Amino acid sequence: MEKIKLGISTCLLGENVRYDGGHKLDRFLTDTLGQYVAYVPVCPEVECGLPIPRESMHLEGDSESPRLVTLKTKQDMTERMVNWANKRVVELEKEGLCGFIFKSDSPSSGMERVRVYNEKGLPVKKGVGMFARIFIEHYPLLPVEDEGRLHDPKLRENFVERIFALKRWREVLAKKESRGTLVDFHTQQKLLILSHSSKHYEIMGKLVAQAKDIPLKNLYQQYQNILMGALQLKTTPKKNANVLMHMMGYFKEQLSSDEKKELLEVIDHYRQEYIPLIVPTTLINHYVRKYDQPYLKQQVYLNPHPLELQLRNHV
Ligand code: SF4
């Protein structure tokens, strides 16, 4: 499989680009996720022309539109950073990124809760790093996370699921546009979408059912927007348990009463968070193979990302 392209704050890859000449290597990102991902590194402070090492900076002023200022000599770097960032986000369009992983807490790269110092010199954790803000505004549908949040198993699973979904969607976009291709794609993603939002699942079902009456370009655009919006919503044990019960319905005729009882128990234990999601999905995968269930066999929900990442072992 061609690797997924992701933007990343350069220091997370272990490059010595920080203000103090150090780095913030994150082993999960380089060694584990890195097996499936081709990173496009971006260090806003170095790429906008600042040296290594350099004076450290922070955000100050209004948290909605703060200024980027060096700590000791109080040089205002806002304009330099904004001019560079506006050009860089356009340049990145040619990379076909499926997401971005930012360095948390950085006045340039942090994507949320970055300290902004008010006129009294007190920090308010409400800011967004200067480059991160411009990037997110330019690519509102692209999955973004920071390395700190990715230590949370649920956020990690959601982010990886979204980048793999976007990669699959990009593969559809690379083919000749056709209603048939879109319908096939949708059929495979249905239960994945349902695990995030039953509302989006319904809206997308209606959209695909009316595909014939919508101009193709418009149909693709609408579909993409709703898909990305759906996957942004987090799954929960309750939502996943509903999908698992829905899947169980496909085996009504085949499962013995003992098998049914066991599967129901496993789903219920998962719903109550006694066991992780990998347990019921493994059991359902087993029945899909055993009974060769044609609809479930093609559901991405059962294998949304490589098993080796073990993401469902922890959610
Ligand atoms: S946080 Fe951003 S600006 Fe700072 S060193 Fe890392 S990549 Fe560069």
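The structure this text deals with has already been given above.
Residues numbered from 1 in each chain as written. Predicted model: local features only at pLDDT ≥ 70, side-chain atom pairs only at ≥ 80, totals over all residues. Heavy atoms only, no water.

**Student:** Help me understand the sheet that holds strand 1 (residues 4-9) in this model?
**Tutor:** The pairing of strands in a sheet happens through backbone hydrogen bonds and is either parallel or antiparallel. Strand order in the open sheet made by the four strands is 2-1-5-8, with parallel pairing throughout. Both outer strands of the open sheet, strand 2 (37-42) and strand 8 (144-146), are each paired with one neighbouring strand and no more. Each neighbouring strand pair of the sheet contributes to a mean axis angle of 25°, computed without reference to strand direction. Helix-sheet contacts for helix 5 (residues 153-174) involve strand 1, strand 2, strand 5 (100-102) and strand 8, and the interaxial angle to strand 1 is about 135°. (Pairing = 2+ DSSP bridges. Helix = DSSP H or I, 4+ residues; strand = E, 2+ residues; numbered from the N terminus. Axes fitted to C-alpha atoms, helices over the stretch in contact; angles between N-to-C directions. Contact = heavy atoms within 4.5 Å.)

**Student:** Any chance you could explain the packing of aromatic side chains here in plain terms?
**Tutor:** Under the criterion given, the structure shown has 17 aromatic pairs. Measuring from ring centre to ring centre gives 6.3 Å for Phe102 and Phe131, while their planes differ by 65°; the resulting arrangement is edge-to-face. Note that Phe102 is positioned in strand 5 and Phe131 in helix 4 (residues 130-138), a separation of 29 residues in sequence. With respect to burial, Phe102 and Phe131 carry one shared label: buried. An angle of 40° between the planes, with centres 4.7 Å apart, marks the rings of Phe135 and Tyr139 as tilted. As far as burial versus exposure is concerned, Phe135 and Tyr139 are alike and both buried. Among the aromatic residues, those joined into a cluster by ring pairs are Trp84, Phe100, Phe102, Phe131, Phe135 and Tyr139. The ring of Phe28 has Arg156 sitting right over it, with the charged end atom 3.5 Å from the ring centre. (Phe/Tyr/Trp six-rings, centres within 6.5 Å; stacked < 30°, edge-to-face > 60°. Buried < 20%, exposed > 50% of the residue type's maximum accessible area, 1.4 Å probe, protein only. Lys NZ or Arg CZ within 6 Å of the ring centre and 35° of its normal.)

**Student:** Can you walk me through the pairing of strand 1 in this structure?
**Tutor:** Regular strands show a simple pattern: their side chains alternate between the two faces of the sheet. Burial runs high along strand 1: five of the six residues are buried. Across six bridges, strand 1 lies against strand 2 in parallel orientation. Bridged to Lys5 within strand 2 is Ala38. Tracing the backbone out of strand 1, into helix 1 (residues 27-32) and back to the parallel element strand 2 gives a crossover that is right-handed. Here strand 1 runs beside strand 5; their pairing, made up of two bridges, is parallel. Note on strand 5: the bridge partner recorded for Gly7 is Phe100. (Right-handed = clockwise from strand over helix to strand, strands pointing away.)

**Student:** So what exactly am I meant to see when it comes to helix 10 (residues 257-271) here?
**Tutor:** One turn of an α-helix holds 3.6 residues; hence residues three or four places apart share an orientation. For helix 10, spanning 15 residues, the distance from its first C-alpha to its last is 21 Å, which sits close to the expected 21 Å at 1.5 Å a residue. The set of residues buried in helix 10 consists of Glu259, Leu263, Val266, Ile267 and Tyr270. Burial along helix 10 is one-sided: seen end-on, the buried residues are contained in an arc of 95°. Of the exposed residues in helix 10, the ones pointing more than 90 degrees away from its buried face are Ser257, Asp258 and Lys261. On its buried side, helix 10 packs onto helix 9 (237-248) and helix 11 (278-291). Glu273, located one to two residues past helix 10, shows a positive phi value of around 65°. (Expected span 1.5 Å × (residues − 1). Arc of directions from axis to C-beta.)

**Student:** For this particular structure, what's the right way to read the sheet that holds strand 7 (residues 123-127)?
**Tutor:** Reading across from one edge, 4-3-6-7 is the order of the four strands in this open sheet, with mixed pairing throughout. Pairing within the sheet leaves two strands with one partner each, and these edge strands are strand 4 (67-70) and strand 7. In this sheet, adjacent strand axes meet at a mean angle of 55° when their direction is disregarded. Bridge count between strand 3 (residues 57-60) and strand 6 (residues 114-117): two bridges; the pairing is parallel. The partner of Glu60 across the bridge, within strand 6, is Tyr117.

**Student:** I keep staring at the nonpolar core and nothing clicks. Help me out?
**Tutor:** As a rule of thumb, soluble globular proteins bury nonpolar side chains together. Leu33, Ile101, Phe131, Phe135 and Tyr223 are the most contacted members of the largest nonpolar core, which totals 92 residues. Residues within four places of Phe135 in sequence aside, it is in contact with Val89, Leu92, Leu97, Phe100, Phe102, Leu142 and Val144. (Core = buried A, V, L, I, M, F, W, Y, C linked by side-chain atoms within 4.5 Å.)

**Student:** Hey, could you run me through the site of the ligand in this one?
**Tutor:** Within the structure, the ligand sits among 13 residues, and Cys11, Cys43, Lys103, Ser106 and Ser109 are positioned closest to it. Among the residues making up the shell around the ligand, the classes are represented as five nonpolar, four polar and four charged. (Near = heavy atom within 4 Å. Nonpolar A, V, L, I, M, F, W, Y, C, P; charged D, E, K, R; others polar.)

**Student:** Where do I start with the pattern of salt bridges in this structure?
**Tutor:** Two side chains with opposite charge may pair up if their charged atoms get near one another. Inspection of the entire model under this criterion finds 17 salt bridges. Glu95 is the salt-bridge partner of Lys5, the closest N and O atoms lying 2.6 Å from each other. Of the two residues, Lys5 is situated in strand 1 and Glu95 in the loop between helix 3 (78-91) and strand 5; the sequence distance between them amounts to 90 residues. Owing to a relative accessible area of 22%, Glu95 belongs among the partly exposed residues under this scheme. Note that Lys217 and Glu177 form a salt bridge whose closest N and O atoms lie 3.5 Å from each other. Separated by 40 residues along the polypeptide, Lys217 in helix 8 (residues 216-232) and Glu177 in the loop between helix 5 and helix 6 (179-196) bring together distant segments of the chain. Here the salt bridges share partners, and the residues they tie into one network are Glu47, Arg88 and Glu91. (Salt bridge = Lys/Arg side-chain N within 4 Å of Asp/Glu carboxyl O.)

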